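# Coordinates in review
Spelled out from the first residue to the last, the chains are:
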Amino acid sequence: MVRLALVGADHNHLYEIIDRMVKAGAEAVAHTAEGQFVEHYSGWQPDSVERTYDEILADDSIDLVVTAAVPNRRAAIALAAIEAGKHVVSDKPGLTTMEQLDAIRSAVADRPGRPWTVLFTERYENRAINEAVRLARSGAVGRIVHVVGAGPHTMWAKRRPAWFWDPEATGGILVDIGSHQVDQFMSITGVNAGDVSIVASAVGNVASPDHPAMQDIGTMTLAAPDVVCDHRLDYLTAKGLGTWGDCRLTIVGTDGTIEARANVDVAGAEGAEHLIVVDADGTRRVDVSGVVVDWGEQLLADLADDGERLMTQQHAIDVTDVCLRAQAAARPWGRPTT
């Protein structure tokens, strides 16, 4: 039985993470007091006891620390847990600066398996995205030459905490929500961070005058051997869409294309999780209702034997590295590169 503690309840991704892990067999036994969702969390997981982080770190019966704290606090939480001999699952992004990533690299260097996991929920939770990645890796549309990802979100400004508007807290839009798209690109192609160059990136504030530091739009173009990736992120989704964002993944191969429409098929089929394949045999929709979302089971199996079924340790590090480099290189939105 894996016993877990939640440290930081600041982002609602914690519900997906904890729910999957508890259903897979983990036991939620403790949580710290901080975070806007902590009161609701303690009611949702009534067997979880409020404790200080020092108490959690000192408790050898707790195997795993899950964190959905403010993003710029996640690295410090993870480092303390790793030093205490525990595994860590972090909501994305796992950290916000290159200095933090260097510290994580050092902390995990001599640990077997994958002590630091960053959960990129868009790929693991959405069956259309999940299956699109699997099909691409299987060679279903030939050699992959272009990946296009769109991660638009709805602003919902009145629901957002103060830290949401601060790129120092979030890492910036390319680090925060862009981590989903970079995870997908690197999973599809199998490239590592050393293979990826930042061709161009940009961030800006185009619709948030009350929060001038906010980055509500961003883009990045990445290149690796024989493949190019273009990603767009924003908080510009109109309220009339009916869901939080028209997220899409388009994969172009030498023998066809795969498109995943994660949340909605605009003016098309109803519901979510749409997958469309075009190849030599024609155009077809792929039914993903039978795709099994089993990352919780994979994660617990990895904790038991230091495996890397869910992802490699290097993948979590590489995705973070690329996002940080794209964010650091970003020019102001709408201004040409000099």
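Placed above this text is the structure.
Residues numbered from 1 in each chain as written. Predicted model: local features only at pLDDT ≥ 70, side-chain atom pairs only at ≥ 80, totals over all residues. Heavy atoms only, no water.

## Things to note about the sheet that holds strand β2 (residues 27-31)
Strand pairing in a sheet relies on backbone hydrogen bonds, with the paired strands running either antiparallel or parallel. Spatially, β3-β2-β1-β4-β5-β6 is the arrangement adopted by the six strands of the open sheet, whose pairing is parallel. Since the sheet does not close on itself, it has two edges, and those belong to β3 (49-50) and β6 (116-119), each with one partner. Examined bridge by bridge, strand β1 (residues 3-9) and β2 share four bridges and lie parallel to one another. In the strand pairing of β2, A5 is matched with A30. In this fold helix α1 (residues 13-24) packs onto β1, β2, β4 (64-68), β5 (87-91) and β6, with an angle of close to 155° to the strand it touches most, β4. (Pairing = 2+ DSSP bridges. Helix = DSSP H or I, 4+ residues; strand = E, 2+ residues; numbered from the N terminus. Contact = heavy atoms within 4.5 Å. Axes fitted to C-alpha atoms, helices over the stretch in contact; angles between N-to-C directions.)

## Quick look at the environment of W165
Relative to the helices and strands, W165 is located in the loop between β7 (144-152) and α8 (167-170). Residue W165 is classed as buried on the basis of its relative accessible area of 11%. Sequence separation between W165 and H211 is 46 residues; the distance between their C-alpha atoms is 6.5 Å. Non-local contacts of W165, meaning those with residues more than four positions away in its chain, are made with M155, A157, R160, H211, A213 and M214. (Buried < 20%, exposed > 50% of the residue type's maximum accessible area, 1.4 Å probe, protein only.)

## Thoughts on the packing of helix α5 (residues 98-108) against helix α12 (residues 313-329)
At a closest axis distance of 10 Å, the pairing of α5 and α12 adopts a crossing angle of 165°. Classified by the interaxial angle, the pair formed by α5 and α12 is roughly antiparallel. Relative to α12, the crossing made by α5 is left-handed. Every residue of α12 that contacts α5 at M98, L101, R105 and V108 is listed here: Q313, I317, T320, D321, L324 and R325. The residue inventory of the contact of α5 with α12, partitioned by class, reads five nonpolar, two polar and three charged. (Parallel < 35°, antiparallel > 145°, perpendicular 65-115°, else oblique. Left-handed = near helix turned anticlockwise from the far one by under 90°. Nonpolar A, V, L, I, M, F, W, Y, C, P; charged D, E, K, R; others polar.)

## Quick look at unusual backbone geometry
Residue P93 follows K92 across a cis peptide bond; omega there is -15°. Relative to the elements of secondary structure, P93 occurs in the loop between β5 and α5. One non-glycine residue with positive phi stands out, namely A267, at about 55°. In this structure, E273 is a non-glycine residue whose phi angle is positive, near 60°. Mapped onto the fold, E273 is located in the loop between β12 (256-261) and β13 (274-279). You can call E273 buried: its relative accessible area is 18%.

## Some words on the packing of aromatic side chains
Aromatic ring pairs are described here by two measures, namely the spacing of the ring centres and the angle between the planes. Throughout the structure, instances matching the rule amount to five aromatic pairs. Their ring planes at 65° and their centres at 5.9 Å tell us that Y41 and W44 sit as a pair that is edge-to-face. Remark: W44 and Y41 occur in helix α2 (residues 38-44); sequence separation between them is three residues, near one turn of the helix. You can call Y41 buried: its relative accessible area is 0%. (Phe/Tyr/Trp six-rings, centres within 6.5 Å; stacked < 30°, edge-to-face > 60°.)

## Structural notes on the packing of helix α7 (residues 127-138) against helix α10 (residues 178-189)
One can describe the packing of α7 onto α10 by two numbers: an axis separation of 8 Å at closest approach and a directional angle of 30°. Regarding the angle of α7 to α10, the classification is roughly parallel. Seen from α7, the contacting residues are I129, V133, A136 and R137; seen from α10, they are Q184, S187 and I188. Looking at the contact of α7 with α10 residue by residue, the classes come out as four nonpolar, two polar and one charged.

## Concerning α10
Between its first and last C-alpha, α10 extends 17 Å over 12 residues, near the 16 Å set by a 1.5 Å rise per residue. Counted residue by residue, α10 has 11 buried out of 12 residues, so it is predominantly covered. Taken together, the buried positions of α10 are G178, S179, H180, Q181, V182, D183, Q184, F185, M186, S187 and I188. Phi turns positive one or two residues past the end of α10, at G190, with a value near 75°. (Expected span 1.5 Å × (residues − 1).)

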